[in-house]
Amino acid sequence: MSSTASNVSTENSNAASRRLALREWIFISVVLLLLITGLQWSKTLGTLDQSLYDRFMRLNPHPARDDIIIVAIDDYSLAELGKWPWPRLRHAELLKQLNAANPAAIGLDILFSESENLSSDGLQNGDVSLAAAIAASNKVVLPLVSTSAGQGLSAAQPLPILSKAARQLAHIHLELDKDGMARSVFLQEGMHGVWWPHFALAMRDIANPLAAEATATASLPGQRLSDSDRSSPLSDAWQRDYQMHIPYYGSSGHFTSVPYVTVLRGEVPADFFRNKYILIGSSAVGMADSFSTPVSANEGAISGIEINANILASLLDQRAIALAPLWQTLLYALIPVALALLGYLFASPRRALSLTAGLFLLVLLSSFIALRLGYWLPPSSALCGLLLAYPLWSWRRLEAAIRYLGEEFILLDQEPHLLPELKIDAANDPDDTQPSLTAPLQDSLEQSIQAMRNAARRVRDLRQFVSDSLNSLPDATIVTTVDGNILLSNPAAMLYFASIGQPKIQDAMLPYLFSKMSTPAAMEETPNIVFSWWNLIDLQHQSSMSKGVEIVDTKERDLLIKSAPCYTGQRELSGWIISLIDISAIRAAERSRDETLHFISHDMRAPQASILALLELQHDPQTALPQADFLNRIEKASRITLGLADNFVQLARAEAQDYRLEDMDFQDVLIDACDEMWSLAKEKNIRIHTQIPEANYPVRIDRSLMTRVLTNLLSNAIKYSPSDTSITCSLNYQTGMIDAHVICTVADQGYGIARTDQSRLFQRFQRFKHKEQPKNDGVGLGMVFIKKVMDRHHGQIDFQSVPGEGSTFVLKLPAFSI
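**Regarding the pattern of salt bridges**
A full pass over the atoms with the stated rule returns 14 salt bridges. Linking Asp791 and Lys787 is a salt bridge whose minimum nitrogen-to-oxygen distance equals 2.9 Å. Highlighted residues: Asp791 and Lys787, both in helix H23 (residues 782-792), separated by four residues, approximately one helical turn. When its relative accessible area of 28% is taken as the criterion, Lys787 is described as partly exposed. One network of salt bridges, with partners in common, ties together Asp54, Asp177, Asp179 and Arg183.

**What about the sheet that holds strand S16 (residues 476-480)?**
Reading across from one edge, S17-S16-S20-S19-S18 is the order of the five strands in this open sheet, with antiparallel pairing throughout. Two strands lie at the open edges of the sheet, namely strand S17 (486-489) and strand S18 (549-552), each paired on one side alone. When strand polarity is set aside, the average angle formed by the axes of neighbouring strands in this sheet is 25 degrees. Strands S16, S17, strand S19 (558-567) and strand S20 (573-582) of the sheet are contacted by helix H15 (residues 491-499), whose axis makes an angle of about 100 degrees with S16.

**Digging into the packing of aromatic side chains**
Considering all chains together, one arrives at 13 aromatic pairs under this definition. Note on Trp196 and Trp238: the rings are 6.1 Å apart at their centroids and 15 degrees apart in plane angle, and the pair reads as stacked. In this pair, Trp196 sits in strand S8 (residues 194-197) while Trp238 sits in the loop between helix H8 (209-216) and strand S9 (239-245), placing the two residues 42 residues apart along the sequence. There is no split in this pair, since Trp196 and Trp238 are both buried. Three or more aromatic residues link up through ring pairs in this structure, and these residues are Tyr53, Phe56, Phe368 and Trp376. Here Lys276 stacks its cationic end above the ring of Phe272, 5.2 Å away from the centre of that ring.

**A closer look at empty space enclosed by the protein**
Inspection of the entire model under this criterion finds two cavities of 30 Å³ or more. Taken as a whole, the largest cavity holds about 50 Å³ of empty space. Lining of the largest cavity is provided by Asp109, Ile172, Leu174, Asp289, Phe291, Gly304 and Asn308. Class assignment of the residues belonging to the lining of the largest cavity gives a composition of three nonpolar, two polar and two charged.

**Re the environment of Ser638**
Relative to the helices and strands, Ser638 resides in helix H19 (residues 627-654). Ser638 sits in the partly exposed class, given a relative accessible area of 34%. Remark: the alpha-carbon pair of Ser638 and Ile611, spanning 27 residues in sequence, is separated by 8.0 Å.

**Quick word on the nonpolar core**
Residues Ile68 and Ile311 are the most contacted members of the largest nonpolar core, which totals 69 residues. Sort the elements by how many residues they give to this core and helix H10 (residues 304-316) lands first, with eight residues. Every residue in contact with Ile68, bar those within four places of it in the chain, is listed here: Phe255, Thr256, Tyr277, Leu279, Ala309, Leu312, Ala313 and Leu316.

What counts as what
- Residues numbered from 1 in each chain as written.
- Predicted model: local features only at pLDDT ≥ 70, side-chain atom pairs only at ≥ 80, totals over all residues.
- Heavy atoms only, no water.
- Salt bridge = Lys/Arg side-chain N within 4 Å of Asp/Glu carboxyl O.
- Helix = DSSP H or I, 4+ residues; strand = E, 2+ residues; numbered from the N terminus.
- Buried < 20%, exposed > 50% of the residue type's maximum accessible area, 1.4 Å probe, protein only.
- Pairing = 2+ DSSP bridges.
- Axes fitted to C-alpha atoms, helices over the stretch in contact; angles between N-to-C directions.
- Contact = heavy atoms within 4.5 Å.
- Phe/Tyr/Trp six-rings, centres within 6.5 Å; stacked < 30°, edge-to-face > 60°.
- Lys NZ or Arg CZ within 6 Å of the ring centre and 35° of its normal.
- 1 Å grid on protein atoms, 1.4 Å probe; cavity = no way out; pocket = protein on both sides within 12 Å on 5 of 7 lines; lining within 4 Å.
- Points joined across faces, edges and corners; volume = space filled by probe spheres on them.
- Nonpolar A, V, L, I, M, F, W, Y, C, P; charged D, E, K, R; others polar.
- Core = buried A, V, L, I, M, F, W, Y, C linked by side-chain atoms within 4.5 Å.

This is the structure in C-alpha cells:
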C-alpha cells in the first residue's frame, strides 16, 4: 500500500515538474520574442547593424567597370601645372582632347559658380572657350550644390553661359548617416518643383536614351520617401527623393584613373577614352572632398569623384541595395529564435548548443548573401536573441535537473547521517529560507529543493570535514590503499616530497617513496627483526608503527614516521594513514641544550670556581697572594664571565624579532667600529687602514647590531693576528641589473683558519687555535652572532682564509635607495 502511494506521489511530482517546465518555456519564449520585436521596431541595435553592414560590404568587392575612367586632378598634375585654380582655357583644352575620342559621357566635377576676370567686352575668353568646348561635346554634366546665403537654401548653379552649354546640370550631394558614413545617395534633389538628377545618374542618361526615359517617368532605383517625409513643392525646403544605398565596388583606387596633366598633354591615346564614361575631378590631398565609406576602413576616406564612379557603375549595372521593410526584418529576427526555442524542447544540451551556433552562423551567412544580392536584412536583433536564448534555456534545464536531484535527495535524506548535526530552528536559521520538510503547505518542488539543500550540505560538510582534517594537520600526512598506493596527501606532504625531488606522489607506492632514506635501526620491541618500509602497512607491526620510527632523510632532517590503519563500517581494513613528523628542530634544540649545558658546566663555571679558589687562598695568610696580583686575577675571571654573558645576551638579541632598522650611510658605522677597536689594536701595534672611496653607501640596518658585527670581525682580526701587522677595511658600492649592494671587506694578516675548520666557523661553541697563535678566552659565539645578524638583514657573509697568511671577510648588504 505504501509502495503504491509512493509511486502515485512520484508520478504526480513528475507531471507537476513537466507542467512547470512547459510554463517556464512558454514564459521565456514570449518574453524573448517580445524583446526582439521591441529591439527591431525601435532600431536600438542600429549601430551594430551598420557595423555588420560595413564589414559585409568590405567582404563583397566587385570588379571595376572598364568603361569608367577618372581623370584625376592629383598631386602630380598640380606639381606639373601649378597651384589651383587653373585657367578655364586649360579645362577647355582638356575637353577638346576628350571630345576627339568620342566618349559616352563626361562628368566635369568642378564648380564654376563665379566667372574669371572680365575682358573689355564683358566676357572672359576662358569662360567662352570652356562654354564652347562644353557645347561642342554635348555630353558634359556640370555639378550644382545647395547653399545658404542667410535667406534659406538655394541652388548654386554654374555660370549661365556654362549652364546653357552643358547637356545636364546635376547635384553632387551624398547622404551621411549619424556616424558620418556615406552609405546612400538621393538620385533626385531640388526645390520649388524643379528636380535635378544625381551627377552619376545624369551621366548614365546621356549615354543611354532609354535610361533617360525611365528617369523622366520616375522609374528610378532606390527607395522613395513617404508623403510625410516629402515637403511640399511650394515650400522653400530642399527636396530629395529616390534614396539608393550604394553597392560599393571597392575602396580608393579601385577604378581606372589617369592624371589630368597626361591627358592634357596628349600622352593618353584617344582610343583609350572612346565610348567611356569620363569623370573629371580632384583627388589631391587637401583639395578633394573626401568621405568615410563602408569600404574605406583602412584608407580612412574616399574622394567624392571615386564615390561618383561607384554610383555610376551601380546604375550602369542596375545594382542597388534595397532595405527590407519592417515586417520582413521582424520575421527575419523572430524565426531563427523561434526555431531555436522549439529545438530546445527536444534536443539534448549539446545538440541545442550546436543548433544555436548553427542558427547564429546561418543568420550571419544569409544576411551576407542577401547583401551580395542587393537586399539588406539587419541581423543584430536575431543574433542578440540567439545569444540570450541558449543561456535562458540552459537555466531552465538546470532548474529541471535540480528538481530531479531534489527528488533523489529526499530519498537520500532518509539515510543515516555520518556527522553529528546541530538542531537549528528553521525560523531562527538565517541561511535557511525554506520551511522544514514537514511543513503542511510545502509543495514537491520546495521539498526537493530543501532535501537537496540538506543532502548537499551534509556532503559538503563531510567533504570539508575530511579535507580540513587532512589539510590542517601540521605534519605531512598521506592516505594510502591497503596495498600502499597513495590516494590523498595534504599540502605539507606534497611540499615535503617536492623538497626531496619527488613532486608527484599521487598513485605512487608508499614503500618506494622512502627507499632513499636511511633505514632505522632495529626497534626495542623487535630487536631481532630487520626493519622494512613495508612494515608501515603491515598489521603485524601496527603497535610499533603507531609509536613511530625515527630516520634521517636525504637532506639530513630528522623525521618520525608513524602509521595507523583505517577501517570501514564493517571493520574491514580500507587503507592506511601515514604521518611524517619533522623533529629536526627538537633534535637541534636537544643538541643546543647539550652544548649549552656543557658550556655552563665548563666555561661559565671555570671562572667562578677560580674566583672562589682565590678567595679561599686569600683567607690563609700563608697562601694569600699579593693584593695587586689577587685583584688582577679576580678582575680577569670576572671579565671572562662578563664577556661570556655578554656574548649570550648579544646572540639572544640577534635572534629576537624587534630589530630597530634605520636608514644611514654604512661608512659611518665602519668608522665607528674602527675607532672603537683602535685602542685594542694599538696594544699589539696593529694598524687599521680604511679604504672608502668618496661616495654614499645607503643601507637600512640596526646600527647597534651592525656595529657589533664589525667590532666582532675587527676584534677577531686583532686577536688572531701577530703584532706589527695591519688590518684593511674597505667599502664598495656594487650596482647590478636589478638591485645594488654595499660590500664591506675586512682583511687581516693573521694566522688564518685551517681548511678542516672552515666548515664549522658559523657553528655554536666552535673555537679554533693555530699552533703559532697565543691562547684567547673566546667562547665560540661571535661568528654565530655575525651570521645571524647578516641573515636578518637579508645580507651575506663570505670569507677566504689561508693558514699563515690571513683571512678576508666580505659582508654584502642590500643598498637602500633614498
